[in-house]
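Architecture and fold: a report
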Amino acid sequence: MTRKGRLEEIFSKALHADDPSLYFVSYRDFEDIVEVPLDEFVKLSENFTVIPASRITKVRKGKETLYFKSGV
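Residues numbered from 1 in each chain as written. Predicted model: local features only at pLDDT ≥ 70, side-chain atom pairs only at ≥ 80, totals over all residues. Heavy atoms only, no water.

So, on to the pattern of salt bridges. Tallying each qualifying case throughout the model produces 3 salt bridges. With a shortest N-O distance of 2.6 Å, D18 and K61 are connected by a salt bridge. Separated by 43 residues along the polypeptide, D18 in the loop between α1 (6-16) and β1 (23-29) and K61 in strand β3 (residues 56-61) bring together distant segments of the chain. R55 is paired through a salt bridge with D29; the nearest N and O atoms lie 3.9 Å apart. On the criterion of sequence distance, the pair formed by R55 in the loop between α2 (38-44) and β3 and D29 in strand β1 is long-range, its members being 26 residues apart. Residue classification places R55 among the partly exposed positions, given a relative accessible area of 23%. Take D29: its relative accessible area is 30%, and that puts it in the partly exposed class. (Salt bridge = Lys/Arg side-chain N within 4 Å of Asp/Glu carboxyl O. Helix = DSSP H or I, 4+ residues; strand = E, 2+ residues; numbered from the N terminus. Buried < 20%, exposed > 50% of the residue type's maximum accessible area, 1.4 Å probe, protein only.)

Here is the structure:
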């Protein structure tokens, strides 16, 4: 059995068991870091195909940081 990655667990919970509008995703867009609501990120990334997980730098729910990629 394969273990889900941390990001996959967060997105799965947010999209299927919680309110996705409470979540925000920060990702690298060339030299900038862009933060958008999770709903918008899913549309922009075309379900994570256009913007790969490797460009995600932070995921937060409200003020709580759920995921942070160090060395960004």
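So that's the structure; there's more coming.
For α1, the set of buried residues is L7, I10, F11 and A14. An end-on view of α1 places all buried positions within 95° of arc, on one side of the element. Contact partners of the buried residues in α1: β1, α2, β3 and β4 (64-68). (Arc of directions from axis to C-beta. Contact = heavy atoms within 4.5 Å.)

Note: β1 against β3, 5 bridges, orientation antiparallel. Counterpart to Y27 in the pairing with β3 is I56. Bridge count between β3 and β4: 4 bridges; the pairing is antiparallel. When the bridges of β4 are listed, K61 appears paired with E64. With antiparallel pairing between neighbouring strands as the criterion, β3 and β4 make up a hairpin whose turn holds 2 residues, including G62 at a positive phi of roughly 65°. (Pairing = 2+ DSSP bridges.)

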